[in-house]
Amino acid sequence: MAKRIGVAPSTVSRAFTDPGKLKPETVQRVMDAAAEIGYVPNHHARALITGRSGAIGLVLPDVANPFFPPLIRYAQLAAEDYGLAVFVADTAEDTKRELQMIERLSPQVEGLIIASSRLSDRVLQTIAERQPTVLINRDVAGVPRVLISTSKALEEGLRHLVEAGHTRIAYVGGPARSWSDAQRHGCVQSTLERFGLEPHFFRAKSGNYADALEVSGEVEAAGATAVIAFDDVVAHGLMSGFRAHGLRVPEDINVLGCDDTLAITTHPPLSSISLDLASAARSAVTILRSAGRPGASSDQRFELEGSLVLRGTTN
């Protein structure tokens, strides 16, 4: 094939194994030539020779949550630039299952991206010592991580609510083991205390719609006139509950979500904090691709800030 298109054999090999190091037009010439002769790379044979599987693992706590499908898509697009496939594992918010999925994936992949892990810091550090690993939304020292922060945007949203006259503001959290939930809970508490207001905290235990719907009555009983939701799924459940109780959004109660995944499906359109999932996924794949041998120490910490998007559920 190299002779056919007038390039070195190593160029043909690189087009399939590391296309990011070649000019796009060179990669396209190789792919066109491969298509003409019906050549398909044998990834299993390559793995036996090189010890590289041509795939990375992406471990998620809940693939049904609308936050994660875009992350999967962006990770796949980023991985394709390096000639890699992505194997996805859903852990169903269960730490035992998360460990099992990691153990099953590890022999099949060159490295792991673990998003919103529910495992302990020490367990994650041990995993990273054994295999190249990048975390998304877990801040663990010594392990490369990409953090999608809502803190600045959330502070801005809280300031907006306070300036609009709200004095009883609630936060409805999600899964207790979630790093993002802990960050958002802490931000709400510290920001409202700076304004001299008492925060009111509730939790939708599993972070799903049904749990949020159930807790909406507690939020109403507390007299809250504005509520911050852990994510848009929780916000959606709360809005349905408020509507069932006869409360109008935003006339009677304001709602602010996080993640900006459901805005166009709610009525009125949901105010939320938009996150750059494309940059997060690409950063994680790039860091993983450039990682050294398993066990090599790395303390890369890449942080992305969210942005406040005000729509119809806030005054």
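What counts as what
- Residues numbered from 1 in each chain as written.
- Predicted model: local features only at pLDDT ≥ 70, side-chain atom pairs only at ≥ 80, totals over all residues.
- Heavy atoms only, no water.
- Phe/Tyr/Trp six-rings, centres within 6.5 Å; stacked < 30°, edge-to-face > 60°.
- Helix = DSSP H or I, 4+ residues; strand = E, 2+ residues; numbered from the N terminus.
- Buried < 20%, exposed > 50% of the residue type's maximum accessible area, 1.4 Å probe, protein only.

*Asks:* Which parts of the structure should I look at to understand the packing of aromatic side chains?
*Replies:* Aromatic ring pairs are defined here through the distance separating the ring centres and the angle between the ring planes. Under the counting rule described, the total for this entry stands at 2 aromatic pairs. Ring geometry for F67 versus F68: centroids 5.0 Å apart, planes at 90°, classification edge-to-face. Judged by centre distance (6.4 Å) and plane angle (75°), the ring pair of Y171 and F201 falls under edge-to-face. Residue Y171 is found in strand 6 (residues 169–173), and its partner F201 is found in strand 7 (residues 200–203); the two are separated by 30 residues along the sequence. Overall, Y171 belongs to the buried group, its relative accessible area being 0%. Under the relative-accessibility criterion, F201 is labelled partly exposed at 31%.

*Asks:* Can you walk me through unusual backbone geometry in this structure?
*Replies:* Note: most peptide bonds trans; most residues except glycine with negative phi. Look at the link from V249 to P250: it is a cis peptide, with omega at 10°. As for its position among the elements, P250 is in the loop between helix 11 (232–244) and strand 9 (254–256). Omega for the peptide link from H267 to P268 comes to -5°, which places this bond in the cis form. Along the chain, P268 turns up in the loop between strand 9 and strand 10 (272–274). In this model, E93 sits at a positive phi of 60°, which is unusual for a non-glycine residue. By the secondary structure assignment, E93 is in the loop between strand 2 (85–90) and helix 6 (95–105). Taking relative accessible area as the criterion, E93 reaches 30% and is therefore assigned partly exposed.

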